[in-house]
Amino acid sequence: MPLARIDLRKGKPAEYRRRVGQVVYEAMLSVGVPPDDRFQVLTEHDPDGLVYDPGYLGIARTDDFICIQVTWNEGRTLEQKKAFYLAIADGLHAAVGIRREDVFINLVEVKRENWSFGNGLAQYAP
C-alpha cells in the first residue's frame, strides 16, 4: 500500500527516471510490500524548486540530490526500515550512478484504513 513521491532536478532522461522508480519499487518488495502494489509520482524541478542543504549532518550533497518520500502502512521494524534505506541508496548507485550521499528518504506511516484504491472505498478498513 505504499505511495512513493520521488523528486529530482529537471534534465534527467526518461530511462533514468524509469530506473529510479524501479529501484524504489524493488526496495519496497524486499521489505514485504505485495507484488503489483506500485504507485509512484515522479516530479522534476527547476534548480530553485528543489531546495536542500548541501552539507547537513556532514553529508556532502550535489545537484543530483533526490528526495524520496514513501507513505505506507505502519508496522515495519527499525531493521526493515534501515534495510529499505540501504536498498534504495545502493540500488540507485548501481542503477543510475547516483552517489549515496545524494539520496534523501522520508517515511510516512499511516493506518491501513487511510487508503482508498478506487471506487470510493476504504479497501483495508476494518
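Further up the page is the structure itself.
Model, not experiment: these values are computed from the prediction.

(A) Examining the overall build of the protein chain more closely. A count of helical and extended segments in the protein chain gives two helices and four strands. When its helices and strands are written in sequence order, the protein chain yields β-α-β-β-α-β. What you see for the protein chain is a C-alpha radius of gyration of 15 Å, in line with the 14 Å of a compact globule of 126 residues. Over its C-alpha atoms, taken along the principal directions, the protein chain stretches across nearly 45 × 30 × 25 Å. Expressed as a percentage of the 126 residues in the protein chain, the buried residues total 33%. When the accessible surface of the protein chain is summed, it comes to about 7,400 Å², and 53% of that surface belongs to carbon and sulfur atoms.

(B) Expanded view of the environment of Ile 59. Of note, Ile 59 is situated in the loop between strand 2 (40-45) and strand 3 (66-73). Placed 36 residues apart in sequence, Ile 59 and Val 23 show a C-alpha to C-alpha distance of 22 Å. Not counting residues up to four positions away in its chain, the partners in contact with Ile 59 are Pro 54 and Glu 101.

(C) Broad picture of the nonpolar core. Within the largest apolar cluster, 22 residues are counted, with the highest numbers of intra-cluster contacts made by Ile 66, Ile 68, Val 70, Phe 84, Ile 88, Leu 92 and Val 103. Top contributing element to this core by residue count: helix 1 (residues 14-30), with six residues. For Ile 88, the residues in contact, after removing those within four places along its chain, are Val 23, Val 24, Ala 27, Ile 68, Val 103 and Ile 105.

(D) Structural context of the sheet that holds strand 1 (residues 3-9). Ordered in space as 2-1-3-4, the four strands form an open sheet in which the pairing is mixed. The strands lining the two open edges of the sheet, one partner per strand, are strand 2 and strand 4 (103-110). Going from strand to strand, the sheet's axes swing by 15° on average, the running direction of each strand aside. Inspection of the sheet shows strand 1 paired to strand 2 by six bridges, in the parallel sense. Across the sheet, residue Ile 6 finds its bridge partner in strand 2, namely Leu 42.

Conventions used here
Residues numbered from 1 in each chain as written. Predicted model: local features only at pLDDT ≥ 70, side-chain atom pairs only at ≥ 80, totals over all residues. Heavy atoms only, no water. Helix = DSSP H or I, 4+ residues; strand = E, 2+ residues; numbered from the N terminus. Rg over C-alpha atoms; globule rule 2.2 N^0.38 Å. Buried < 20%, exposed > 50% of the residue type's maximum accessible area, 1.4 Å probe, protein only. Areas by Shrake-Rupley, 256 points an atom, 1.4 Å probe, with all protein chains shown as cover. Contact = heavy atoms within 4.5 Å. Core = buried A, V, L, I, M, F, W, Y, C linked by side-chain atoms within 4.5 Å. Pairing = 2+ DSSP bridges. Axes fitted to C-alpha atoms, helices over the stretch in contact; angles between N-to-C directions.

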